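Letter by letter, the chains look like this.
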Amino acid sequence: MIYDADTWIGHWPYRRLPRTTAAELLQQMDSQGIDKALVGSLQGIFYKDSHEANRELAEAVRRHRDRLIPCAIINPTYFGWADDLKQCREEFAMPVLRLIPQYHPYKLTDDLATEIVAAAHELKMRVAVYGRVMDLRGRSHLDHSRQVPADEIMAMFKKFRGASFMLLNSGPVKPPRGAKAPKIFQDTAMMHGGCGVGVEKGLKTCTAERLMFGSTMLLRYPKPALIAIETVEATKAQKEKILYKNLKRLIPEMA
Amino acid sequence: MRIDCHAHCSVSMGPWPNHHQVVADARRLGVDKVCCSHPLATKPTDPKQIRRANNDIMAAMRTYPDVILGLCFIDPGHIRFAQDEITRCVVDSGMVGLKFYHQYRMDDPVFSPVIERCAELGVPMLMHAGHPTDEETLAAQPRISGADHFIAPAKLCPEAIFIIGHIGGGGDWEWQIKAMSHAPKNVYMDTSGSVIDAGMIEKAVRDLGAERLLFATDMSTERGVGKILDADITPRQREMIWGGNMQRILKMRKI
């Protein structure tokens, strides 16, 4: 059983992607043996009104809800975000809010970020923060996005004592300590290197209880993320937690 | 036959992974041979350090003669020393080619005697390369070679064999493919690097031809192997990239 915490459909504005649709994502999942996936809309990052992409996404996965669980993307600096968030949860049944501070004009330490996270929690949504969506070393001249410092992400997490967060496409981040510390679940997409070395570091830093498999397809090739799990020195029980059990527990809609 | 044409290892010096680990990873992922070098990132370089680094690779070759193929690192700025090191490492000790870092750009005339020597010997030259578009990388590597910087020297010396390092090394890989499509056929590109953008290998095959691509990892082992496995190309094209092309290059050796 494999659940993927980090997939996308749609278009990337600076590069042609060979596959963009929900059907193509399902084909890729079938070819890699991946059962279910959390999915977001890539163009939702770039639309001025990202909620239009949430509508598109809800429609695109409507007939595949047994395998594709849609995630909302909302820019909290855009008018009406609270209504949009509510619709994503209540009408589109999206269990996860993806925040993209790399591309949207706010810092996670801003009050607006705190407000949208609190509103998502109120709606019983999980909040997923992207360390980064794209490697900036080859950025387009039109891409003015920023590197989001790990300190900024952690400062936001720490405002919500005892809450669970997803941190996606980021290197391993040392979890805060304490009984009321936020619980941070990280995906393995950025944990790479020699055979299993990146995931091994993730295991040491985050523990097997807090790691989730993530591929970032259809933006990237999925096989490398699977090889990382296959080759990491870990027990069968640890690998099962990473491959599906943790995500299944975190997102009841994945069950 | 799978030949990783761009990797690094270390026996006693660091910072590269230990040669035992490199060979274990290769065996685990079905890679038969690994071309290893020990480049120095400093500018200027110290000939004593270069000699030490190449000795380190020779030690790795002695330990794993069936797996590790040595690439001799040189800084072309040390004109006489570079020639002596080519004699010592390639002619006398069986290293299969050369490795350059970004001390000079590939179209700098300082390379001319080295290129002529490699053409005489029939051995390939692998260059750390890329087209970074972010300020940070450009500041750190002001003399990094893009694929466009290979065109003039490759035309000037058609007998020489050039390998553009890591299509996925970070930077605009689409630029690299386009620029290489203007280079003569004695220029190859390796597929290594941590960037695993979907469609990268397919586009390179379409625009350059599979016969000009060489499988490599540059220590991103899972990603290097995974992107070739995932690429939507024919089995024949995949075999050429895995090792067929590099085998052909290795047979061009004249000594």
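Structure: see above.
Thresholds applied
Residues numbered from 1 in each chain as written. Chains lettered and ligands numbered in written order. Predicted model: local features only at pLDDT ≥ 70, side-chain atom pairs only at ≥ 80, totals over all residues. Helix = DSSP H or I, 4+ residues; strand = E, 2+ residues; numbered from the N terminus. Rg over C-alpha atoms; globule rule 2.2 N^0.38 Å. Buried ≥ 20, exposed ≤ 12 C-beta atoms within 10 Å, placed from the backbone. Contact = placed C-beta atoms within 7 Å. Arc of directions from axis to C-beta. Pairing = 2+ DSSP bridges. Axes fitted to C-alpha atoms, helices over the stretch in contact; angles between N-to-C directions. Nonpolar A, V, L, I, M, F, W, Y, C, P; charged D, E, K, R; others polar. Right-handed = clockwise from strand over helix to strand, strands pointing away.

A. Highlighting the overall build of chain A. Along its length, chain A carries 8 helices and 8 strands. Its C-alpha atoms give chain A a radius of gyration of 17 Å, within 12% of the compact-globule value 18 Å for 255 residues. Referenced to the eigenvectors of the C-alpha coordinate spread, the extents of chain A come out at roughly 50 × 45 × 40 Å. Looking at chain A residue by residue over its 255 residues, the buried ones come to 50%.

B. View of the overall build of chain B. Helix and strand counts for chain B come out as 10 helices and 8 strands. Taking 2.2 N^0.38 as the reference for a compact globule, 255 residues should give roughly 18 Å; the C-alpha atoms of chain B span a radius of gyration of 16 Å, in line with that estimate. Taken along the three principal axes of its C-alpha coordinates, chain B extends 45 × 40 × 40 Å. By residue count, 56% of the 255 residues in chain B fall in the buried class. Considering only intrachain contacts with a sequence separation of at least 6, the fraction spanning at least 24 residues in chain B is 76%.

C. Representation of helix α7 (residues 173–180) of chain B. Residues and elements named next belong to chain B. By the burial criterion, the buried members of α7 are W173, E174, Q176, I177 and M180. Buried positions in α7, seen along its axis, are confined to an arc of 160° and lie on one side of it. Tucked inside the fold, the buried residues of α7 contact β6 (161–164), β7 (187–190) and α8 (200–208).

D. Inspection of the sheet that holds strand β2 (residues 33–37) of chain B at higher detail. All names here are of chain B. Across the sheet, which stays open at both edges, the 8 strands sit in the order β1-β2-β3-β4-β5-β6-β7-β8 with parallel pairing between neighbours. Every other strand in the sheet has two partners, leaving β1 (3–8) and β8 (213–214) as the edge strands with one partner each. Of the pairings in the sheet, the one linking β6 to β7 comprises 3 bridges and is parallel in character. Looking at β7, one finds that F162 is bridged to V187. The sheet contacts of helix α1 (residues 19–28) involve β1, β2 and β3 (68–73), and relative to β2 the element is tilted by about 150°.

E. Structural context of the interface of chain A and chain B. Every contact between the two is made by 24 residues of chain A and, on the other side, 31 residues of chain B. Tallied by class, the residues present in the side of chain A that touches chain B amount to 12 nonpolar, 5 polar and 7 charged.

F. The arrangement of the sheet that holds strand β1 (residues 3–9) of chain A in detail. All names here are of chain A. If you trace the 8 strands from one edge of the open sheet to the other, you get β1-β2-β3-β4-β5-β6-β7-β8, paired in parallel fashion. With partners counted over all chains shown, the strands left at the sheet margins are β1 and β8 (211–212), one partner each. In terms of strand pairing, strand β4 (residues 96–99) meets strand β5 (residues 126–130) through 4 bridges, oriented parallel. Paired with L99 across the two strands is V129, which belongs to β5.

G. A look at the pairing of β2 of chain B. Residues and elements named next belong to chain B. Judged by how many residues are buried, β2 sits mostly within the fold: 5 of 5 residues are covered. Where β1 lies against β2, 4 bridges are found, and the strand directions are parallel. What sits directly across from A7, in β2, is C36. Following the chain from β1 across α1 to the adjacent parallel β2, one finds a crossover that is right-handed. Pairing analysis gives 3 bridges linking β2 to β3, with the strands arranged parallel. Following the sheet pairing, C36 is matched in β3 by G70.

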